[in-house]
Amino acid sequence: SNASLTEITGSPFRVPAIAGGGPANLVALALTPTAFNVQYAPCTHNQPPTTEYMYVADAENNGVWQFSVDPSSGIPTLIPYSASQLSAPAGSVPSGVAVDPCNRYVYVSNQLSNNVSGYVICNKVLLPECPAANGSLAPVVGSPFATGNGPGPLVVSPQDTALYVLDKSATAAAGEVSSFQISYATGSLSPL
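Counting restarts for each chain: residues are numbered from 1 in the order of the written sequence. Selection of residues for local features in this predicted model requires a pLDDT of at least 70, selection of side-chain atom pairs for listing and counting requires 80 or more, and totals for whole chains, interfaces and linings are taken over all residues. To get the side-chain values, all heavy atoms of the structure are used, and hydrogens and water are removed first.

1. Observations concerning unusual backbone geometry
When glycine is set aside, most residues are seen to have a negative phi, and most peptide bonds are trans.
Here is step 1: In this chain, Leu127 is followed by Pro128 through a cis amide linkage whose omega measures 5°.
Here is step 2: Summarising the element assignment, Pro128 is placed in the loop between β8 (115-121) and β9 (137-139).
Here is step 3: One non-glycine residue, Asn62, lies in the positive phi region at around 50°.
Here is step 4: Each helix corresponds to a stretch of at least 4 residues labelled H or I by DSSP, and each strand to a stretch of at least 2 residues labelled E; elements are numbered beginning at the N terminus. Within the fold, Asn62 resides in the loop between β2 (52-58) and β3 (63-69).
Here is step 5: One non-glycine residue, Asn114, adopts positive backbone phi at about 55°.
Here is step 6: Examined against the element boundaries, Asn114 turns out to sit in the loop between β7 (105-110) and β8.

2. Focus on the pairing of β7
Here is step 1: Of all 6 residues in β7, 6 are buried; the element is thus mostly enclosed.
Here is step 2: Only protein chains enter the accessibility calculation, which uses a 1.4 Å probe; a residue is then buried when its area is under 20% of its type maximum, exposed when over 50%, and partly exposed in between. Residues of β7 alternate between two faces, with Tyr105, Tyr107 and Ser109 on one and Val106, Val108 and Asn110 on the opposite face, all of them buried.
Here is step 3: Should DSSP find at least two bridges between two strands, the strands are taken to pair. Taken together, the 5 bridges between strand β6 (residues 94-99) and β7 define a ladder with antiparallel strand orientation. Counted as the bridge partner of Ala98 is Tyr107 from β7.
Here is step 4: Hairpin connection from β6 to β7: 5 residues lie between these consecutive antiparallel strands, with Asn103 at a positive phi of about 65°.
Here is step 5: Looking at chain direction, β7 and β8 are connected through 6 bridges and run antiparallel. Each bridged residue has a counterpart across the sheet, and for Ser109 the counterpart in β8 is Val116.
Here is step 6: Two successive antiparallel strands, β7 and β8, enclose a turn made up of 4 residues, where Asn114 displays a positive phi of approximately 55°.

In short, shape yes, function no, at least from these values alone.
Structure below.
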């Protein structure tokens, strides 16, 4: 009620070292929604998810860390990408993360490869992409998607129809924003 913060038991939470990689450089994160905005998102007729997931961009190791979040304690638990790889692969120097308001897709901007990686959130089993309904990520068809120079912060519209990416490289034109239409069925991106 007074907006004060209390540190969660066990905090800070560290990501494990990646063999052959450097120390993690965590630069952005996004959480999945546990309620749908009835005014905007087209998924309001769906049952809201009861599990919350967190996705964190690692600029040093070019990956995305996946966590389930305990709803009562707030403690994150790592979800490995695969048996041999801890984080989901991304482009060069991931710098922003956004989750769509319908809890289906995650988008990560990759600053040096000038693109956005798109992922399906595995909320249900869909073989072969999603062998488990555990919040892990599977690549969206056609990913990655080209942007302007040096993409950074990004956001999905409340209507769940568009993705906007701020292109922040020194070589990008001032005020440059890459805009995409999101395919509701697949999560793939088309330039607007």
